[in-house]
Amino acid sequence: MSTLQKEWKSLWQGRFPQALFYLVPIVLCLMFGAVYSCNTVRHIPTVILDQSQSSLSRNYIRLYDDSERFDIIAYADSSEEMEAMLKNSTAYAAISIPKDFGKNIKTGSAGEAALIVNSANNLIGNSALSSMREINKSFSAAVSTQLLESVGILPAHAREMVYPVHIGTRLLNNPANGYTPFMLPGLILNALQVTMLITIAPLFLKSLEQREYSGNFPCLAGKLYAKILPHILLGMLSFFTALSIACLLFDIYIKGSLFLLALLLLAYLIAVTGILCLFSSLSPTPVLALQIPLLYIMPGLLFSGLSWPTLSMTGFAAFYSAIMPMSYTADTMRDILTGGYAPSLLHDCIVLLLMGIISFILACCIYKLRLHYMHKKAAEPEEMPCI
Amino acid sequence: MYLIYMLQRELKELLHDPSRALLLLGAASAYMLLFGALYEPGVIKSVPIVILDEDHSALSREAIQSLEDSESFYVNSYAASEEEMLTELQEKNVYMAIHIPADFSAKISHNEHSSILMIVNSSNIMYANTTSSACQDVLNEFSDKLAINKTALTLNISESRLSPRITPVHYEYRVLNNSTQSYSLFFCIGLAMTAFQLCMYMTFSASIQYALKNKAEIITLPVIPFLLIKFLFYLLLSLFGFTIFYFFAAKTFFMPAKAPVWQIYLLACLFITTILSLSSWLAALFASHTSCVRAGLIYVVPSFIFSGYTWPLESVSPAIHIISMLLFPLTWVLNPMRDLFLSGSSGSFYLSCTVLLILTATNLLLGFFAFRHKYQKNFLCSFH
């Protein structure tokens with residue numbers, strides 16, 4: 001209890017109290033929320049090359065003009081001009097309509113249109129292509145209906161004929177298919193992980209240098225855990241404050257139980273702190289205690305399955321993902337938030353707790369061993385200088 | 001003479017702390033390998049789906065067959081009821097469900113339209129985009145074929161004559177620069193450069209901090225040449241680190257480096273000078289190297305997100321756009337670098353180079369003043 005009180009006090013001492021680091025997830029939540037405030041990729045700069053100049057081509061272009069996904073920024077006079085705009089990234093999408101587009105459609109032979117997308121950024125490429133497909137399908141169905149009407153088929157009947165199978169779409173959990181519910185909770189979790197790294201990683205080492213604790217193993221482990229407990233409490237507080245802000249200001253909602261969310265977060269923090277204690281006990285200097293976990297902690301977000309799915313990870317990537325605490329938290333947390341359910345919650349909590357407990361026991365063993373050698377070295381008599 | 005002497009001292013210092021050299025030379029390549037392994041399949045394939053076919057007709061089986069033929073997903077199970085289908089989705093055994101209603105073929109044979117319902121778990125939008133786009137493509141094609149076939153029978157016209165009236169426009173899609181829309185091409189360059197930025201910052205700030213705490217380090221030279229030689233040493237070393245990354249990217253991951261080498265290296269060089277000069281004054285600002293590293297760790301993720309590398313800057317508010325341009329040098333590096341690698345040119349290359357040059361000059365100036373101030377505070381005051 002006295003260790004706990006001492007650590008809690010030390011968190012608030014100094015010119016820059018360590019407790020202030022727990023504001024990082026909140027600040028980053030505000031920053032990232034502002035970046036993703038549009039929720040979907042819109043206003044893709046688009047260039048049009050309309051060589052047909054027919055009413056049909058103009059109707060087709062109007063569909064793109066009306067869509068908020070595309071911003072028509074220029075009408076090119078030649079294909080060279082269009083290509084140049086794509087090449088220098090002035091435009092990310094281009095629509096090229098050939099000379100005989102309108103004429104071909106009217107005479108019953110199919111018209112052609114070329115749609116070009118710069119997909120160096122996949123988010124732009126995906127968004128442009130999926131919107132283009134939707135617009136093109138609508139345009140084709142409308143033109144086709146008119147063509148059948150011109151051969152004497154009733155309008156309602158013609159519509160049924162050209163488009164016999166409709167596709168209804170229901171999006172579960174993230175109905176707007178938005179980026180904020182997809183990424184923001186995971187980014188807050190990652191910010192929390194970085195905060196834990198910068199506060200906990202040098203902790204064991206500092207205590208070791210000061211030869212703060214000794215005694216038998218359970219007593220030592222208890223004292224060391226009391227040292228990190230205030231960090232877990234502050235971490236919980238920081239995360240829930242950031243999440244509340246995200247719910248208030250951005251497109252985040254909590255469908256599931258807050259209790260389950262807190263349980264998962266607690267298991268996650270136990271795992272992260274345990275692993276960081278292990279790194280801390282192994283490191284020779286405080287700076288290295290921050291640097292050594294870099295290759296392990298920093299890629300956590302991308303290996304967690306939050307964006308790139310776990311199912312698509314193979315070999316080393318699948319293994320690496322399996323040893324990251326984030327992999328058992330980020331996706332499950334998003335499920336609780338957006339769907340209200342998380343089928344793997346129990347499994348994930350057990351894995352996280354095991355990770356945390358085993359790492360912490362190992363860290364304590366190493367701590368005790370290092371302490372033992374430090375005492376032994378101090379007790380050794382200094383060698384007499386040769387005369 | 002001084003130059004060689006100082007470079008030798010820098011080398012000695014580096015060998016004394018080999019972790020610095022390791023970070024500077026190996027970080028970008030290590031992250032390239034790490035993320036290359038992660039995004040190795042390139043695109044998302046074989047997403048598990050469930051099908052509920054209440055129609056059990058030849059037509060519904062034909063629709064299912066065309067879905068089964070797609071490599072974007074695989075049919076994990078066939079549900080017997082709607083509850084079972086929804087349970088499969090909820091249990092996350094599948095990420096998409098296809099529901100074919102009982103009157104599917106009957107409605108079509110009566111020349112009415114019928115609907116197929118696609119239910120997608122959209123919590124991970126990467127799954128949602130892959131599955132829904134592929135499914136729409138497959139079912140639209142199926143619908144078009146059916147429309148041609150049925151209308152040809154109704155109007156007694158040959159299918160070949162009718163086809164251009166049912167599908168009056170042929171759309172030719174051309175995807176430039178990353179034709180398979182591979183995620184490894186899209187992500188790896190930026191992630192490796194972000195790691196490189198962090199490691200340059202950590203190593204150079206360590207060196208500055210070391211100098212500011214050891215008087216013997218600076219005593220031999222005035223502050224400006226001392227700083228410049230240090231800067232030059234780390235610039236050369238970082239360029240070597242970038243070369244290792246470039247080799248890995250091109251040889252191991254077959255990343256197309258389409259632009260002329262001088263353009264890639266010029267951008268890399270200016271990127272390095274910007275980060276080193278930024279590190280010089282930040283290092284002088286912090287009391288200890290631990291604080292320096294902490295600041296770097298907090299900065300790294302926002303710098304990547306704000307750079308517009310993934311989320312395009314066209315889709316952010318003007319205020320965020322300005323913040324990105326002013327506070328995060330990666331904004332001027334990542335997109336042009338990816339463009340140089342993948343498309344061979346970048347529209348913002350010269351602008352980015354100019355901005356990076358200005359940033360380098362400004363940061364160097366700040367670095368000089370901050371270093372001199374800290375040096376005077378640390379040594380001259382205590383001396384007097």
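Residues numbered from 1 in each chain as written. Chains lettered and ligands numbered in written order. Predicted model: local features only at pLDDT ≥ 70, side-chain atom pairs only at ≥ 80, totals over all residues. Heavy atoms only, no water.

K.L.:
Is there a simple way to explain the overall build of chain A in this structure?
P.N.:
If you tally the helices and strands in chain A, you get 17 helices and five strands. Seen along its three principal axes, the alpha-carbon backbone of chain A occupies a region of about 110 × 55 × 40 Å. Here chain A holds 387 residues, and 58% of them are scored as buried. Considering only contacts in chain A between residues 6 or more positions apart, those separated by 24 or more positions represent 77%. Accessible area for chain A stands at about 16,300 Å²; split by element, carbon and sulfur atoms hold 63% of it. (Helix = DSSP H or I, 4+ residues; strand = E, 2+ residues; numbered from the N terminus. Buried < 20%, exposed > 50% of the residue type's maximum accessible area, 1.4 Å probe, protein only. Contact = heavy atoms within 4.5 Å. Areas by Shrake-Rupley, 256 points an atom, 1.4 Å probe, with all protein chains shown as cover.)

K.L.:
Looking at this model, I keep getting lost on the sheet that holds strand 3 (residues 96–100) of chain B. Mind explaining?
P.N.:
The pairing of strands in a sheet happens through backbone hydrogen bonds and is either parallel or antiparallel. Read across the sheet, five strands follow the order 5(A)-4(B)-3(B)-1(B)-2(B) without closing on themselves; strand pairing throughout is mixed. Lying at the two open borders of the sheet, with one neighbouring strand each, are strand 5 (165–172) of chain A together with strand 2 (73–78) of chain B. Ignoring strand direction, the axes of neighbouring strands in this sheet form an average angle of 25°. The sheet contact formed by strand 1 (residues 47–53) of chain B and strand 3 of chain B spans five bridges and is parallel. Among the inter-strand pairings, V50 of chain B is bridged to a residue of strand 3 of chain B, identified as A97 of chain B. Relative to the sheet, helix 4 (residues 82–90) of chain B contacts strand 5 of chain A together with strand 1, strand 2, strand 3 and strand 4 (114–121) of chain B, its axis offset from that of strand 3 of chain B by approximately 165°. (Pairing = 2+ DSSP bridges. Axes fitted to C-alpha atoms, helices over the stretch in contact; angles between N-to-C directions.)

K.L.:
Mind showing me how you'd approach the pairing of strand 3 of chain B here?
P.N.:
Two faces, one strand: in a regular strand the side chains alternate between the faces of the sheet. All names here are of chain B. The buried fraction of strand 3 amounts to five of the five residues, a majority that puts the element mostly inside the structure. Where burial is concerned, the two faces of strand 3 agree: the one with M96, I98 and I100 and the one with A97 and H99 are both buried. Relative to strand 4, strand 3 runs antiparallel, the two sharing four bridges. Bridging from a neighbouring strand, A97 pairs with I119 of strand 4.

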